[in-house]
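So you can see what is in the structure, the chains are spelled out below.
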Number of protein chains: 2
Amino acid sequence: MEFKHQPTVTLAEVAEAAGVGESTVSRVLRNHGSFSGKTRERVMAAVERLGYVPNRIAGTLASTGSRLVAFVIPSLSNIVFPDVLRGASAVLEENRYQAVFSVTDYDPGKEEALAAAMLAWRPAAVMLAGYEHTEGTVKMLRASGCRIVELLDLDGDALDIAVGFSNRAAGRESAAFLLKRGYRRIGYVGHDLNRDTRAGKRFSSFCETLEAHDAPLVGREILAGASSVENGRLGLERLLARTTDLDAVYFSNDDMALGGYFHCLAQGIAIPSKLAIFGYNGLDIGRATPQPLSTIRTPRVATGQIAAQLVVANAPPQAVDLGFELIEGATA
Amino acid sequence: MEFKHQPTVTLAEVAEAAGVGESTVSRVLRNHGSFSGKTRERVMAAVERLGYVPNRIAGTLASTGSRLVAFVIPSLSNIVFPDVLRGASAVLEENRYQAVFSVTDYDPGKEEALAAAMLAWRPAAVMLAGYEHTEGTVKMLRASGCRIVELLDLDGDALDIAVGFSNRAAGRESAAFLLKRGYRRIGYVGHDLNRDTRAGKRFSSFCETLEAHDAPLVGREILAGASSVENGRLGLERLLARTTDLDAVYFSNDDMALGGYFHCLAQGIAIPSKLAIFGYNGLDIGRATPQPLSTIRTPRVATGQIAAQLVVANAPPQAVDLGFELIEGATA
DNA sequence: GGTTTTTTTGGCAGCGCTACCAATTTGCTG
DNA sequence: CAGCAAATTGGTAGCGCTGCCAAAAAAACC
């Protein structure tokens, strides 16, 4: 079966059927401008009768400014981004905006290509992760005239709107917490940092903080793939095989940390007395493990919500710091 | 700062700058129709020079059929749906389609409203979860003339295309597996089944299978909220408090099952000798727990991929069964 | 060189809607 | 009931692009 367009009902046909002008139908449907009660009823009756569905493509083209919001996100596997989308989509739906998205796989080149494709839809705003974009991407976005929202990072200069928190501060506070608890021989298990630059920022300020307190990082294990529970488990296993006397390990995020936690459970390594574990993100699952995971809870859903609200309200350029919360947990 | 449209470069301006006609620019840009090599170069040079970004809104309006694919999904918290989106978006991006989405929160009324909003964008296809839609939704979709893809369920009649697997079969096989292992006093812990009808189908065929083998369900605990690790833990705790001598528990999905698993770990309940645990979904995390989770692995990403491929290829109506895989694991 | 083909090109009418403006109707005031 | 303001309507020119058609240019052929 080849695709066949149904004969679509147009606004003009509704106008005809209702015995009014096209612009009147348009006004009624958008509830914009003035019209009498009976006109409204006649139009609505015709709409109902014909099963009219407005064509937003045509509407958008004719009017200035669209109600599309474009998300260009690195991944859908990392729960962070579905969470952001979730927060944003609720707000956007309420305001009759439509979300469109594409996934870059943490590849800046792909980000540029996808951003270009997105701009072709003339969105009201483009939402991106963080500040690291190619020159081409920045130039394009700037030239597009649409709002630009950078999410989940505040360590840098925003192009327009930024919503999130400081990853550097998160790394710093994580380190400070471990030091305060008396850990001195600290290691790191993480995933590919070149791609996930926010994890990279956390890691570097984590290390700096350790050094500033004369307890430099003792060992690290960086795994090539994406973050995952299995990689966390594998990473900790490797790190422990190589580095002795570790008393705490910082993970690039909770997925990885849970992997490490499971490794300890499986190997009978006492937590936190023998080895402390600290994560990042504050996933729900970390609250339900036998020992709650020590981590930093990030405002992922709120980031999406606030970002969407600012776009809907067409707010002035600004950086909104939503902060984060350190969860002491029981693994560190 | 109020939103201000930049003076946008149009195709007509590019044509002017390149010294060719509008249709020639259009042909070159879409690589469609014929044009000479030098024309191509001149056009591309002008595009580059002016920083022209095609307007897909206008393009879609002018041509027949759009390259938008609409997803109307129940949730972004349940990893199932991000996984489906992930699979689909890769295929769609390769084919220059654009994904748009909205979230129903498992509310059929909201699904209807959002589907209507989606149709206003005249998508090439609408992708929905499962078969349970309101009469209004079905009528609208049918009338729209766009492709309809129902995902993750095959127990029912497809409107057009369906991609997924049988949830009833999954429930049946889960029960058969537990019975084969010798468990006879089996309980269930699940989340709200009215909303998640696919979980409901699994549960009912699970129960039927147990009854057919003279080992009817011994107890159940249904939690009001969404599925989550914490609810799974809480659910199992409640069920155990009420029902004695259970030897196995079936969970509505892996999130819930992990919660149950953690409860057992925390309470020192030996798995599987004292209590067996069986989940559903086959999340990666279940492979990394000290004892791998016994579960059914569902082809979530593949569901998205295949669905997208069928839409892109404009395939005839069909139901594609991708099956599932029973993971024996070590918890049952 | 003169045709006949084939390839390349430009013009222009929409796609379905919104924004603007002018026309019409209604409501009030004195 | 004239006289004017306010509320309601319809007409229509685009929005930026694609698809069709006919014209022009290039290539192929006798």
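Residues numbered from 1 in each chain as written. Chains lettered and ligands numbered in written order. Predicted model: local features only at pLDDT ≥ 70, side-chain atom pairs only at ≥ 80, totals over all residues. Heavy atoms only, no water.

**Q** Sorry if this is basic, but what is going on with the interface of chain B and chain A here?
**A** Much of the literature gives interface size as the accessible area that the parts lose upon coming together. Contact residues are listed per partner, giving 63 residues for chain B and 63 residues for chain A. Around 5,700 Å² of area is buried between chain B and chain A when both sides are counted, 66% of it from carbon and sulfur atoms. If you sort the residues of chain B by the area they bury against chain A, Ile57, Phe101 and Trp121 of chain B come out on top, with a joint share of 13%. Applying the counting rule to chain B against chain A returns two salt bridges. (Contact = heavy atoms within 4.5 Å. Buried area = accessible area lost by both parts, 1.4 Å probe. Salt bridge = Lys/Arg side-chain N within 4 Å of Asp/Glu carboxyl O.)

**Q** How should the packing of aromatic side chains be read in this particular structure?
**A** When we look at a pair of aromatic rings, we describe it by the centre distance and by the angle of the planes. All names here are of chain A. Within this structure, the stated rule accounts for 16 aromatic pairs over all chains. Between Phe165 and Phe324, the ring centres sit 6.4 Å apart and the planes meet at 85°, which makes this aromatic pair edge-to-face. Residue Phe165 is found in the loop between strand S5 (161–164) and helix H8 (167–180), and its partner Phe324 is found in the loop between strand S11 (318–321) and strand S12 (325–327); the two are separated by 159 residues along the sequence. Residue classification places Phe324 among the partly exposed positions, given a relative accessible area of 22%. The rings of Phe177, Tyr188, Phe203, Phe206, Tyr250 and Phe278 are connected pair by pair, giving a single aromatic cluster. (Phe/Tyr/Trp six-rings, centres within 6.5 Å; stacked < 30°, edge-to-face > 60°. Helix = DSSP H or I, 4+ residues; strand = E, 2+ residues; numbered from the N terminus. Buried < 20%, exposed > 50% of the residue type's maximum accessible area, 1.4 Å probe, protein only.)

**Q** Whenever I open this one, the relation of the copies chain B and chain A confuses me. Can you help?
**A** Copies of the same chain, two in number, are related to each other by a rotation about an axis and a translation along it. When chain B is brought onto chain A, the operation consists of a screw motion whose angular component is 180° and whose axial shift is 0.0 Å, with 0.0 Å RMSD remaining. The relationship between the two copies is best expressed as a two-fold rotation axis. Closest approach to the rotation axis among the C-alpha atoms of chain B is made by Val100 of chain B, whose C-alpha sits 2.1 Å away. Comparing interface residues between copies, 100% of those in chain B also lie at the interface in chain A; the contact surface is shared. (Least-squares fit on C-alpha atoms with pLDDT ≥ 70 in both.)

**Q** It is not clear to me how the nonpolar core should be interpreted in this structure. Could you clarify?
**A** Where a protein is soluble and globular, its nonpolar side chains tend to be buried together. Ranked by internal contacts, the top residues of the largest apolar core, which has 110 residues, are Phe71, Leu178 and Ile186 of chain A together with Phe71, Leu178 and Ile186 of chain B. Grouped together as the second largest cluster of nonpolar side chains are 44 residues, Leu239, Leu246, Tyr261 and Ala288 of chain B included. (Core = buried A, V, L, I, M, F, W, Y, C linked by side-chain atoms within 4.5 Å.)

**Q** Can you walk me through the domain arrangement of chain A in this structure?
**A** Residues and elements named next belong to chain A. If you check the domain split of chain A, you get domain 1 (11–54), domain 2 (68–165 + 300–322) and domain 3 (167–297). Computed over C-alpha atoms only, the centres of domain 2 and domain 3 are separated by 29 Å. In this assembly, 17 residues from domain 2 lie in contact with eleven residues from domain 3. For the pairing of domain 2 and domain 3, the buried interface totals around 1,200 Å² over both sides, and the portion due to carbon and sulfur atoms is 40%. For the interface between domain 2 and domain 3, the tally reads two salt bridges. In this structure, the salt-bridge partner of Asp153 is Lys201, at a minimum N-O distance of 2.5 Å. One can count ten residue pairs in polar contact (both at pLDDT 80 or more) joining domain 2 with domain 3. Residues that form the side of domain 2 that touches domain 3 fall into these classes: nine nonpolar, two polar and six charged. (Domains from an automatic or database assignment. Polar contact = N/O pair within 3.5 Å; in protein donor to acceptor, adjacent residues only side chain to side chain. Nonpolar A, V, L, I, M, F, W, Y, C, P; charged D, E, K, R; others polar.)

**Q** Could you clarify how one ought to interpret the sheet that holds strand S4 (residues 147–151) of chain B in this entry?
**A** Paired through their backbone hydrogen bonds, the strands of a sheet run either parallel or antiparallel. Reading across the sheet, the twelve strands line up as S11(A)-S5(A)-S4(A)-S3(A)-S1(A)-S2(A)-S2(B)-S1(B)-S3(B)-S4(B)-S5(B)-S11(B) and stay open at both edges, with mixed pairing between neighbours. Lying at the two open borders of the sheet, with one neighbouring strand each, are S11 of chain A together with strand S11 (318–321) of chain B. Each strand of the sheet is rotated relative to its neighbour by a mean of 20°, with strand direction disregarded. Direction of pairing for strand S5 (residues 161–164) of chain B relative to S11 of chain B: parallel, over a ladder of four bridges. Bridging across to S11 of chain B, Ala162 of chain B finds its partner in Ala319 of chain B. Its contacts with the sheet place helix H13 (residues 300–312) of chain B against strand S1 (68–73), strand S3 (125–129), S4, S5 and S11 of chain B, and it is angled at close to 160° to S5 of chain B. (Pairing = 2+ DSSP bridges. Axes fitted to C-alpha atoms, helices over the stretch in contact; angles between N-to-C directions.)

**Q** What am I meant to see in the pattern of salt bridges here?
**A** Pairing between side chains becomes possible if they bear opposite charge and their charged atoms approach one another. For the coordinates displayed, the defined rule picks out 24 salt bridges over all chains. A salt bridge links Arg181 of chain B to Glu328 of chain B, with the nearest nitrogen and oxygen atoms 2.6 Å apart. Highlighted residues: Arg181 of chain B in the loop between helix H8 (167–180) and strand S6 (186–190) and Glu328 of chain B in the segment after strand S12 (325–327), separated in sequence by 147 residues. We classify Glu328 of chain B as partly exposed; its relative accessible area is 41%. A network of salt bridges, in which partner residues are shared, links Asp83, Arg86 and Arg300 of chain A.

**Q** I tried to follow the protein's contact with DNA strand C on my own but got confused; where do I start?
**A** Within the structure, DNA strand C sits among 24 residues, and Leu11, Ser26 and Tyr52 of chain A together with Thr24 and Thr39 of chain B are positioned closest to it. Restricting the count to atoms of DNA strand C within 4 Å of the protein gives a sugar and phosphate share of 66%. The contact in question runs from a phosphate oxygen of DNA strand C to an N or O atom on the backbone of Asn55 of chain A, over 3.3 Å. Between DNA strand C and Ala58 of chain A there is a distance of 3.3 Å, counted from a base nitrogen to a backbone nitrogen or oxygen. Among the secondary structure elements, those contributing two or more residues to the surface near DNA strand C are helix H2 (22–30) and helix H4 (56–62) of chain A together with helix H2 (22–30) and helix H4 (56–62) of chain B. (Near = heavy atom within 4 Å.)

**Q** Mind showing me how you'd approach the protein's contact with DNA strand D here?
**A** Close to DNA strand D lie 24 residues; Gly21 and Thr39 of chain A together with Leu11, Ser26 and Tyr52 of chain B are nearest. Counted by atom, the contact set of DNA strand D within 4 Å of the protein is 66% sugar and phosphate. Taking Thr24 of chain A, its side chain carries an N or O atom lying 2.6 Å from a phosphate oxygen of DNA strand D. One nitrogen or oxygen atom from the side chain of Thr39 of chain A is found 2.4 Å from a phosphate oxygen belonging to DNA strand D. Within the residue set of the surface near DNA strand D, elements represented by two or more residues are H2 and H4 of chain A together with H2 and H4 of chain B. Looking at the surface near DNA strand D, its residues break down into nine nonpolar, 13 polar and two charged.

**Q** Looking at this structure, I do not really get the UniProt feature "domain: HTH lacI-type" (unreviewed entry) in chain A. What am I missing?
**A** Mapped onto this numbering, the UniProt entry annotates "domain: HTH lacI-type" (unreviewed entry) at residues 9–63 of chain A. Split by type, residues 9–63 of chain A is 69% helix and 0% strand. Its first and last C-alpha atoms lie 20 Å apart. (UniProt positions renumbered as here; feature names shortened; annotations may be inferred.)

**Q** I would appreciate a short explanation of the packing of helix H1 (residues 11–18) of chain A against helix H3 (residues 37–50) of chain A in the present structure.
**A** Working note: a packed helix pair is described by the angle between its axes plus the distance between those axes. Residue and element names in this part refer to chain A. For the pair H1 and H3, the least separation of the axes is 9 Å and the interaxial angle reads 120°. Considered as vectors, H1 and H3 are oriented oblique to each other. At the point where H1 passes H3, the crossing takes the right-handed sense. Facing H1, whose interface residues are Glu13, Val14, Ala17 and Ala18, H3 presents Arg42, Val43, Ala46, Val47, Arg49 and Leu50. The class makeup of the residues in the contact of H1 with H3 is seven nonpolar, no polar and three charged. (Parallel < 35°, antiparallel > 145°, perpendicular 65-115°, else oblique. Left-handed = near helix turned anticlockwise from the far one by under 90°.)

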